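# Observations on the model geometry
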Amino acid sequence: MKLEAIRAAEARLLLPTYERNPLLFERGEGVYLIDENGDRYLDLLSGIGVNALGYGHPAIEEAIVRQSKALLHTSNLFFHEGQAELALRLTERTGMDRAFFASTGAEVWEGAMKLARAHAGLLRSEGKEIGTKFLALDQSFHGRTYGSISTTYKAKYREPFGPVVPGVEFVRFNDVADLRAKFSNEVCAILVESIQGEGGIRPLTQEFFSAAREMTESTGALLVVDEIQAGMGRTGKWCGYQHYGIRPDITTLAKPLAGGIPLGALLCTEEVARAIHAGMHGTTFGGGPLACAVAIAVIDTIEHEGLLNHVVEVGDYFQARLRELAKKHDAIVDVRGKGLMVAAELDSADLGKLTVQEMLKRKILINCTSDTVLRFLPPYIVQKKQIDEAIAALDEIFTEHAHNHAISGGHAGGHVRG
């Protein structure tokens, strides 16, 4: 089999950074991935939130073909048509003023950290008392680069590579009192995700988000919001922070931005943009002609096909079906999320692992984050009938688990808090 040959080659040639599932996907159609045997898998993970329009969408294919025949790369030493056009679309839809493009979410988060410290330096040069410290949140995840892991909470991401970037302190999630206790004019930025992704699909409260905005405005510090997973329509709005009526000073986008082509965007206000000038920051591949052309096609398709409203409708339906399931199965202790960023929290890590594997056997792709949280990030084009298929599979798995658990003498209990 082709899969076995590839596995053997990877075992010999690649750094062992991933524990892959034993599947070889060769193509995709809509919300399905198709393996080497022709078996179809319902994809409710979409490449960890990347494939917003699913697979083989004609708008993406047409943009790739058209741009590949024209220009793939020039470097950022020259102009091309795509960057300003994409920046206009993003700034209009997010309420921000200026854009910087890079290749990945981690790269734009790194840029956001650099920009926050540069802005603080600018304020100090103008006579303001402000330091260089970052406040980040517990259970946060911002990426794998040094700056990103320094602001990522879980020790397993940071400790093997220490010492990490200094000057970061973590605040208890949604704890306004802890935020107030740790905030001072030594802080140059508060760093948050509007909805934590890797941390378990946990939304900020309005109270916490508003307090963070109020504190930063009082000193000139920046509010920096990571929308790499929650942004670009995933929650039914272009950015998660728009649900709160709060505009940050810097935000970052990536994952679904170019529908599977690597692209990240840092967006900021005019005030923050004062801190940067030519030569201070850059990127080789960021904002290339191909990625920009595809991102423009993604944005236009989301609007032309009414997918923001669809995300809300199907996302609400998904959560409603999960809540029905939770009433039947004590193993589900919480259901939460926004739009098509949905979580079902279970009462054990073992059940989380088991559920992912059992869903895989049933040819449905999901994953489990924070040990106990089933994470669903389907393409925006997913339909209610496919949600029903996933719910039926979960119902079957939890019923079998409860039966086996009862036979073994175990006991599980819980309640839905969402």
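Residues numbered from 1 in each chain as written. Predicted model: local features only at pLDDT ≥ 70, side-chain atom pairs only at ≥ 80, totals over all residues. Heavy atoms only, no water.

### Examining the overall build of the protein
What counts here: For the purposes of this entry, the term helix denotes a DSSP run of H or I that reaches at least four residues, the term strand denotes a run of E that reaches at least two, and both are numbered from the N terminus. C-alpha atoms define the radius of gyration in this analysis, and the globule rule sets the expected value at 2.2 Å times the number of residues to the power 0.38. Residues are treated as being in contact if the distance between any of their heavy atoms lies within 4.5 Å. The method behind every accessible area is Shrake-Rupley, applied with a 1.4 Å probe, and residues are considered shielded solely by the protein chains displayed. His is not counted, nor are the chain ends, whereas Lys and Arg count as positive and Asp and Glu as negative. For charged residues, the charge sits on one atom: NZ in Lys, CZ in Arg, CG in Asp, CD in Glu.
Tallying secondary structure elements over the protein gives 14 helices and 17 strands in all. In summary, the protein has a C-alpha radius of gyration of 22 Å against a globular reference of 22 Å for 418 residues, a match within 12%. Based on the C-alpha atoms only, the size of the protein along its principal axes is roughly 70 × 55 × 45 Å. Sequence-distant contacts, at least 24 apart, represent 72% of the contacts inside the protein between residues at least 6 apart. Within the structure as shown, the protein displays about 18,700 Å² of accessible surface, and the carbon and sulfur contribution to it stands at 53%. Averaging the locations of the 44 positively and 53 negatively charged side chains of the protein gives two centres separated by 1 Å.

### Considering the packing of aromatic side chains
Stated precisely, the cut-off is as follows: Stacked, tilted and edge-to-face pairs are distinguished by plane angle, under 30 degrees for stacked and over 60 for edge-to-face with tilted covering the rest, among Phe, Tyr and Trp rings (Trp via its six-membered ring) whose centres lie within 6.5 Å. In this scheme, a residue with accessible area under 20% of its type's maximum is buried, one over 50% is exposed, and one in between is partly exposed, where area comes from a 1.4 Å probe on protein chains only. Any Lys NZ or Arg CZ found within 6 Å of a ring centre and within 35 degrees of that ring's normal is scored as a charge over the ring.
Enumeration over the complete set of coordinates arrives at five aromatic pairs. Where Phe25 meets Tyr41, the ring centres are 5.3 Å apart and the plane angle is 80 degrees; that geometry is what we call edge-to-face. With Phe25 in strand E1 (residues 25-29) and Tyr41 in strand E3 (residues 40-43), this residue pair connects regions lying 16 residues apart in the sequence. For Phe25, a relative accessible area of 29% gives the class partly exposed. When the ring of Phe209 is compared with that of Tyr244, the centres are 4.8 Å apart and the planes differ by 65 degrees; the resulting orientation is edge-to-face. Taken as a pair, Phe209 in helix H9 (residues 206-219) and Tyr244 in the loop between strand E10 (222-226) and strand E11 (250-253) lie far apart in primary sequence, 35 residues in all. Take Phe209 and Tyr244: they sit in the same class, and that class is buried. The ring of Tyr317 is capped by Lys384, whose NZ or CZ atom sits 5.2 Å from the centre of that ring.

### Observations regarding the sheet that holds strand E2 (residues 32-35)
Rule in force here: Pairs of strands are assigned from DSSP output, requiring at least two bridges between the strands.
With respect to topology, four strands assemble into an open sheet ordered E1-E2-E3-E15, the strand pairing being mixed. The open sheet has two edge strands with one neighbour each: E1 and strand E15 (364-365). Of the strand pairs in this sheet, E2 and E3 are connected by three bridges, and their pairing is antiparallel. Bridge pairing in E3 links Ile34 to Arg40.

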